[in-house]
Amino acid sequence: MAVHAADQDFEEFVVLRSQSLLRTAYLLCGGDRAAAEDLLQEVLEKVFVRWRRIKGPPERYTRAALANASANRWRRRSRKPEAAWEQAGTPSVGGHEDAVVDQDAVLRALAELPPRMRAVLVLRYFDDLSEAQTAAALGCATGTVKSQTSRGLARMRELMVEVAR
Amino acid sequence: MNELGTAMRRASEDVDVRAGFTGDVLRGGRRRQARRRTGLAITIAAVVGVVGFGAGVLVQAWQGPKPQDQRLLEATKGDLADDPARLAAAAGVWQRALTMSWRYDRGVTEVHGQPYVYWAATTTAGEAAVVMQEARVRDQVRTLVGLVGRDPADDEQKLLGSTSPGDLGGDKESFQFGPGDRTFLVVDPMTPVYASASSTRDADGVVRRTWQEVPIVDGVALWTAPEGTDPSTARLVSGDGPPTTTNIPRERQLPTCPASGYLRYGQCDITAYADTKMWDSTPRPDMPVGPAGSGPPEKTDVYSLLRAAGLVDVGATIRFSEWTVRGSTPDGTSLLVGEFVEDPRPSALYAVLFRANGTPDRVLLGPAVDVQSPVPVRLRLPDGHGWVVASDRTVLRYRTSTTGDWQGSYTYAAVIPDDAVQVEADGQVVDLVP
């Protein structure tokens, strides 16, 4: 009976949270929709196996698992052809936030980052985790999150400017 | 909400799960659960297998065509090229360093043939060797290049740096090693190599560097930063002729990763950086000045403007503030003011003035941001355009003499007259020092 109840809890969790989790996975995969679905499904299947042993909010656990899995899943990453960058916009500073960054260019820049650096940026800026929460999710030091964030932002800017020249 | 987060949300807002996803997950989860319950013996066998594999040579022999990179067919260069024991030792260090996680991090799915020592020589930083090996990196055959040398911490021969040709810019064959990370090595890029130890800024904030050509001997350029200079400020570039500005295309730049950081972290991206404080307490990232609707175009590529103006150093890591002051001066000149950090320098202000047609006219480097002040942003514009001031305090006023009446009433940011001598923010007075 307990297993059944756990199954139902898990199923409810998947139904309610999959959309949000898939969007995180989509960014973690640099905008590769198919890879994101694969990643999320794989992670959720593993979460199912461990469901009853998860302490604390399962969504936090799942997001951390997603980030870690994406950082180690370079094999399935579909690398965008360089030509796609020709259409990338340039980043800018200032102005209305919702009009400043070309989201397609952001996806392309994300796709070019090392997976762990990309995971740090997604957790920090999409999932709104603090530096400490991000560090805990990825199993690294807060200083590493700080430096990865800083360098990731700088790298994204460089990538987007570079392709626009 | 931050700019990047907003862009990420917009980029992903149309993404939704496919029909049947939940069922697929449940079926997959149950399959995994069943496998897990019966997989103990298989797991034990696999662990034994990993131990056995790890104890041996990691690099698989590869029986294939000749390497694509012709350098791998040349004779080893350097004064230690005829010492087979040293070459074998360097190759052994390389092989041991190519662990599974090392390969994962770089997208290496297989390595081809045996490692090849391209160069081995005695340097001022001790014996060193450049090792190369072809590999499949994200579905392409690429040459991995690493520098093997002495770790000053324990005098052991180790891999001190490596390329990561699957990453943008990761194929640069340039390294930094030795005591204090002062020695730089570049594998012959087939064009001259130039080095610059440090940069200076002229009165306008323009970065200046002097460059010296580094001779290429035996297939590598070796250069040691002068005593008394910080090697993190050194830069190397390639190309026909020394650079005349610091706005140097990426393809000419030869970035290096200090061996001390590489040895500590196994890669370059997470080496320590100067955590320079920025003014980030403003409640309004976008602070308008001047008439409503005035101001520069929505998209302004400040990074490129700063680079083109020579206001940022080549190879510097740049971070921008989330806040900006946007709008126009009383005479209608559009302006954009913000803050940026070029590690390890203090955070500084920049200003962009625009022509009437919206194109950038002038780019200026301002003073350091006075983070502790009630009015952290105080930047005097040229040609009598006035002062740009900004604060996280609600009401700003100014006066043109220290005993005069306070004038104006602005919220968070303002362009005040050029002859203003003091600004007041919620009752706290700050002098304007030209």
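None of the values given here were measured: they were computed from a predicted structure.

Caption draft 1: Examining the overall build of chain B more closely. Each helix and strand counted, chain B has seven helices and 25 strands in total. Each of the 434 residues in chain B was classed as buried or not, and the buried ones make up 50%. Sequence-distant contacts, at least 24 apart, represent 57% of the contacts inside chain B between residues at least 6 apart. Surface summary for chain B: the accessible area is close to 20100 Å², and the carbon and sulfur share equals 51%.

Caption draft 2: Quick peek at the packing of helix H2 (residues 33-50) of chain A against helix H3 (residues 58-71) of chain A. Residues and elements named next belong to chain A. Look at H2 against H3: their axes get within 10 Å of each other, and the N-to-C directions meet at 130°. Of the possible angle classes, the one that applies to H2 and H3 is oblique. As H2 runs across H3, the sense of the crossing is right-handed. Residues Leu39, Leu40, Val43, Leu44, Val47 and Arg50 of H2 form the contact with H3, whose own contacting residues are Tyr61, Thr62, Ala65, Leu66, Ala69 and Ser70. Classifying every residue of the contact of H2 with H3 gives nine nonpolar, two polar and one charged.

Caption draft 3: Up close: the environment of Thr403 of chain B. All names here are of chain B. Mapped onto the fold, Thr403 is located in the loop between strand S22 (386-399) and strand S23 (407-416). Judged by relative accessible area, which is 71%, Thr403 ranks as exposed. Through-space distance from the C-alpha of Thr403 to that of Gln422 is 10.0 Å; in sequence the pair is 19 residues apart.

Caption draft 4: Expanded view of the side chain of Thr24 of chain A. Residue and element names in this part refer to chain A. With respect to the helices and strands, the residue Thr24 is situated in helix H1 (residues 2-28). Among the polar contacts made by the side chain of Thr24, one reaches the side chain of Arg63 at a distance of 2.5 Å. Setting aside residues no more than four positions away along its own chain, Thr24 makes contact with Arg63, Leu66, Val122, Phe126 and Asp127.

Caption draft 5: Main features of the packing of H3 of chain A against helix H6 (residues 115-126) of chain A. Residue and element names in this part refer to chain A. Where H3 contacts H6, the axes come no closer than 8 Å and their chain directions differ by 155°. The orientation of H3 relative to H6 falls into the category roughly antiparallel. The crossing of H3 and H6 is right-handed. For the pair H3 and H6, contact is made by Arg63, Ala67, Asn68, Ser70 and Ala71 and by Pro115, Arg116, Ala119 and Leu123, respectively. Among the residues forming the contact of H3 with H6, the class breakdown is five nonpolar, two polar and two charged.

About the criteria used
- Residues numbered from 1 in each chain as written.
- Chains lettered and ligands numbered in written order.
- Predicted model: local features only at pLDDT ≥ 70, side-chain atom pairs only at ≥ 80, totals over all residues.
- Heavy atoms only, no water.
- Helix = DSSP H or I, 4+ residues; strand = E, 2+ residues; numbered from the N terminus.
- Buried < 20%, exposed > 50% of the residue type's maximum accessible area, 1.4 Å probe, protein only.
- Contact = heavy atoms within 4.5 Å.
- Areas by Shrake-Rupley, 256 points an atom, 1.4 Å probe, with all protein chains shown as cover.
- Axes fitted to C-alpha atoms, helices over the stretch in contact; angles between N-to-C directions.
- Parallel < 35°, antiparallel > 145°, perpendicular 65-115°, else oblique.
- Left-handed = near helix turned anticlockwise from the far one by under 90°.
- Nonpolar A, V, L, I, M, F, W, Y, C, P; charged D, E, K, R; others polar.
- Polar contact = N/O pair within 3.5 Å; in protein donor to acceptor, adjacent residues only side chain to side chain.

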